[in-house]
Amino acid sequence: MKKIVLNILFIIVVNTLFQLTASAQTKSISQKVDSVFNLMTLDEKIGQLNQYNDDWTATDLLAIDNDKAIQIQKGQLGSLLNCMGTERTRIWQKIAMQSRLKIPLLFGQDVIHGYKTTFPIPLAEACSWDLEAIELSARIAATEASASGIHWTFAPMVDITRDPRWGRVMEGAGEDPYLASKIAYARVKGFQGDKPGELNSIMACAKHFAGYGAAIGGRDYNSVDMSERLLWEVYLPPFKAAVDAKVSTFMTSFNDINGVPSTGNKYLLRTILKEQWGFNGYVVSDWGAVGEMINHGNVKNESEAAQCAITAGCDMDMESRNYKNNLAQLVNDGKVLIALIDEAVKRILQKKFELGLFDDPFRFCSAEREKRELNNPEHTTAAREMACKSIVLLKNQNQLLPLSKNIKTIAFIGPLVKAVKQNKGFWDVEVPGLDSNYIVSQWAGIQNKVGNKTNLLYAKGCDIEGDNKNGFTEALNIARQADVVILSIGERRDMTGEAKSRSNINIPGVQEDLLKELLTTGKPVVALINAGRPLVFNYTADNAPAILYTWWLGSEAGNAIADVLFGDYNPSAKLVITFPQSVGQLPIYYSHFNTGHPAVSDDNHSYNSSYTDLSIYPKFEFGYGLSYTSFQYSNLKLSKKKMTKDEQIEVSLTITNTGKYNGEEIVQLYIRDLVGSIVRPVKDLKDFNKIPLKIGESKNIRFIIDKEKLSFYNQQLQWIAEPGEFELMIGASSRDIRLQDNFELLE
Ligand code: BGC
C-alpha cells in the first residue's frame, strides 16, 4: 500500500514538473516572439505575411530575381515555396540574415507522398487502412525533406472526396469521414514527429479548408454548395482530427462555399477554426487565392481582397502579393485593424521559434545529413512495404493469383510496363540535382523477381491514349507463346491531380480493346490497372480473370507489384472510395440515405430511387478488396443489448483464416441509427481492425460502442446521441456484411 502511495506521489511530482516546464517553455516562446515582434515596423510585419515562389527555371543561382532578394534583405518576405535542397535554401536564408531583424525564412513544399523516396499516392496508401504504415510514410517524407532544407509541407490534403471525376481525389483518403480522420491524424503525426523543432520533422498543413472535394460536378476549382449538416458531419471531421493532432498550419481552399470564397470566409477561419477549435497555428492561402476573390466576384479589387482575407483570418498570402501591395495602406486608412496584422505575425513567428530557426537559421541545411537521408536504404524498404499494402486485389477467378515463380514464359504487355516516371503519380517532388533513376519500373520489378528461369516477353500493344491498334499483332504473338499474360494499362500519371478533372473516367484509348484481343488467345490474363482515381472499366472487370488495382505506387512500384503477383505479399488493401459502374452514377458513396422510395434491387426501377437505365450498385464498393486467402466471421457477441449514454457495449467476434495463405483482414464495423430526428445514413463506418492471421488461425477481436459512435449533428448542430434502436453490422466491405445484430440506446 505504502509503495502504491509513494508511486502515486512520484507520478504527481513528475507530472507537475512536466507541466511547469511545458508552460515555462510556451511562455518563453511567446516572450521570444514578443521580443522580436516589439522591434518590428509595419512594413516588416506585413513582410512576414507573404510567401513567394522560388524561381523554378533558375539554373544558375546567380540569376536570382533581384527584386525578390532585395525584398528579403528588407525583411519583406516571410516564406518561400518550391525552394529545395540544402544548397539553395542556404543561399536564400543567407540573404534573409542580411535583413535588419534577421528573421529567418520558412521553406514550404508540396511533400505529398514522399520526397526523394516516392511513396504511393495518398489515396492508394489510404487503402491500406494501416495507420502505422501511413504515419511511417509521412515520417520518412519528413526525414528526407527536412534534411533537404524544407521546414513545412503543404500536406496532408484531408478533403473528403466522393466524385472521382475530380482530379484531386488522388491526394486524399477517400470518401469516409471516420477513416479519413484517422488517416489525417496519422499523417500529421508522421510529418510533425513528437514535438515541434525536431530536426527530422516538418510542419504539416491541413488543406484545403474547406469543402474543396465537393466541387460541383467534380470540376476542379468549382463552387461548393453544401448544407451545414453535411459540412459538419462529413467534410469537417478530418480537419478537426488534424487540429487534434496539433497540426501547425492550415491552407484555405480555392472554392467558394455557399457563396463565400474560403480564403475570405470568416465563419470557417475565425469562428470554426480559430475560435471553436482553438487552432493556434497559422493559415496560409492557397496559391493566389487571395487575389482570386476578385474573379469569384466577392471583392472589387486587390485592396478589398487583402482586407477581406486578413479580416477573415487568413494569415499568410501565398503568391498573390495582395497583402504586400495593400495591407499598409489599409492599416493607415483604418480599414484593417493593426491588431489583425499583429495576430497573424505572431502566429507565424511562433512557428519559426518552435522550429528553432532563430537559434540557427541553417539547422535544416546540413549537406551531409541531406546526402545520408536521401540515400537511406531503410526508406526504400518502407516504400516497398507501403506499396504492397496499397495494392487492391479486385478479382481473382479460379485463384489465378498468386502466380508461380516457375512459370516458363510470361508475356508482359501494355503501355505502362516499361514506364518509369509514370509510377510516381502526380505531386511527386523533383529534387534538384537528382534524376528519377530511382524508380523500379514494373518490367524491372518482375525481372528482379523471376530472374533468368522465366522467359519474360514484352510488347507495348498500344499507347495510353489514341486509337492506334498497330501494336496489337505483336502483343498477340507474344501472348500466344506465353503461359500467362500480364497486362499493364490505365491512365497517364498526369491525368489525375490538380486541374485534372475528367468527365469521362473510362480507361483511355484502345487499352480495353487490347485486353479483348488478348483474351481470344485463351491465355490467362492478369490486368494491372494504374490510375490516380477510380476508373470505369466494366469490360475488364467482367472479363479479365484477375485484376490488381495498383494506383501509382512510387519508387518501389515494380518490386511491390511483383511481390503481390508472385505471392510474396498477400494483398490486404480495401477500397476507401466507391468505384462506379458509370459516371452517370456520380456522386455515389456507401453512406447514403435510404430515401422515401428506396431501391432494393436492380430488378425493379419502377417509382424507386434509381435510374431506369443503370444499376443501383457500384462496380466495387467502399471497403472492398480480396485476399489470396479467405476469412470466416463468426461468434458475434454483444456484452449487452441496451445501454445508457454513460455505458458502453463491448462487441466481440471471431475471425478465422480458412484459406491457404497467411493474410490480413480489415474487419469493418458499421452502425445504422434506425430512427433519427435528422435522417441517418444506411450505414456509417465507426471502427475497424486490420488483423493478421496465419493459415487456420482464429482470433477474437473486440470493439467498443459508446455514445460517441452513436452521435450526430442534430438540426441545431448539436452533437448528440438520440435514444432508440441501432443496427450493428460487421463486414468484410460496406456491402459484404457478415454479422449483424441490434441494440438500444436508452434515455
Ligand atoms: C494547390 C495546393 C498547393 C499549392 C502550392 C496549389 O495550386 O491547390 O494544394 O499546396 O498550389 O503548390
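The structure displayed is predicted, hence computed values, not measured ones. By convention here, each chain's residues receive numbers from 1 onward along its written sequence. Totals for whole chains, interfaces and linings use every residue, but because this is a predicted model, local features are given only for residues with pLDDT of at least 70 and side-chain atom pairs only at 80 or more, for both listing and counting. Only hydrogens and water are set aside when side-chain values are computed; all heavy atoms of the structure are taken into account.

Draft legend 1. Quick look at the pattern of salt bridges. Salt bridges are defined as contacts in which a side-chain nitrogen from Lys or Arg sits within 4 Å of a carboxyl oxygen from Asp or Glu. According to the stated counting rule, one finds 44 salt bridges in the structure shown. The shortest N-O distance in the salt bridge between Lys 424 and Asp 428 comes to 3.2 Å. Of the residues examined, Lys 424 reaches a relative accessible area of 6% and is grouped as buried. Here Arg 492 and Glu 465 are joined by a salt bridge, their closest N and O atoms 2.3 Å apart. In this pair, Arg 492 is assigned in the loop between strand S14 (484-490) and helix H19 (511-519) and Glu 465 in the loop between strand S13 (455-459) and helix H18 (472-481), connecting sequence segments 27 residues apart. Here the salt bridges share partners, and the residues they tie into one network are Arg 270, Lys 274, Asp 315, Glu 343 and Arg 347. Three exposure classes are used, based on accessible area relative to the maximum for each residue type with a 1.4 Å probe and protein chains only: buried under 20%, partly exposed in between, and exposed over 50%. The numbering of helices and of strands both runs from the N terminus, where a helix is a DSSP run of H or I of at least 4 residues and a strand a run of E of at least 2.

Draft legend 2. Just unusual backbone geometry, in detail. For the peptide bond that leads from Ala 155 to Pro 156, omega is 5 degrees, which places it in the cis range. Relative to the elements of secondary structure, Pro 156 occurs in the loop between strand S4 (152-153) and helix H7 (177-192). Residue Ala 210 is bonded to the preceding Phe 209 through a cis peptide linkage, with omega at 0 degrees. Topologically, Ala 210 is positioned in the loop between strand S5 (205-209) and helix H8 (228-235). Positive phi is not limited to glycine here, since Trp 427 has a value of about 60 degrees. Residue class for Trp 427 comes out buried when judged on its relative accessible area of 17%. Backbone geometry places Leu 717, a non-glycine residue, at a positive phi of 60 degrees. Inspection of the secondary structure assignment puts Leu 717 in the loop between strand S23 (712-713) and strand S24 (719-720).

Draft legend 3. Seen up close, the environment of Thr 473. Inspection of the secondary structure puts Thr 473 in helix H18. Thr 473 sits 12 residues away from Gly 461 along the chain, and the two C-alpha atoms are 7.8 Å apart.

Draft legend 4. The arrangement of the packing of H7 against helix H9 (residues 237-244) in detail. Helix axes are fitted to C-alpha atoms over the stretch in contact, other axes to C-alpha atoms as well, and angles between N-to-C directions run from 0 to 180 degrees. Direction vectors running N to C along H7 and H9 enclose 30 degrees, while the axes themselves pass 8 Å from each other. When the axes of H7 and H9 are compared, the pair comes out roughly parallel. H7 and H9 meet at a crossing whose hand is right-handed. On the side of H7, the interface is formed by Pro 177, Ala 180, Ser 181, Ala 184, Tyr 185 and Val 188, while H9 contributes Pro 237, Pro 238, Ala 241, Ala 242 and Asp 244. Residue polarity is assigned by list, with Asp, Glu, Lys and Arg as charged and Ala, Val, Leu, Ile, Met, Phe, Trp, Tyr, Cys and Pro as nonpolar; anything else, Gly included, falls into the polar class. Partitioned by chemical class, the residues of the contact of H7 with H9 number 9 nonpolar, 1 polar and 1 charged. What sets the label is the angle itself: under 35 degrees gives roughly parallel, over 145 gives roughly antiparallel, 65 to 115 gives roughly perpendicular, and the rest give oblique. Rotating anticlockwise by less than a right angle from the far helix to the near helix defines a left-handed crossing, while the corresponding clockwise rotation defines a right-handed one. Residue contacts are defined here by distance: any two heavy atoms, one from each residue, within 4.5 Å place the two residues in contact.

Draft legend 5. Examining the site of the ligand more closely. Neighbouring the ligand are the residues Leu 81, Asp 110, Phe 154, Arg 168, Lys 207, His 208, Met 251, Phe 254, Asp 286, Trp 287, Met 318 and Glu 498. Think of a polar contact as two N or O atoms within 3.5 Å of one another; within protein, one of them needs to be a possible hydrogen donor and the other a possible acceptor, and neighboring residues in sequence only count if both atoms come from side chains. Within the side chain of Arg 168, an N or O atom sits 2.6 Å from an oxygen atom of the ligand. Methods summary: accessible areas were calculated by the Shrake-Rupley approach with a probe of 1.4 Å, and residue burial reflects only the protein chains presented. For the ligand, whose free accessible area comes to 310 Å², the fraction covered by protein is 93%. Of the residues assigned to the shell around the ligand, the class counts are 6 nonpolar, 1 polar and 5 charged. Throughout, near means a residue has at least one heavy atom within 4 Å of the molecule or strand.

Everything listed here is a matter of geometry and, on its own, says nothing about what the molecule does.
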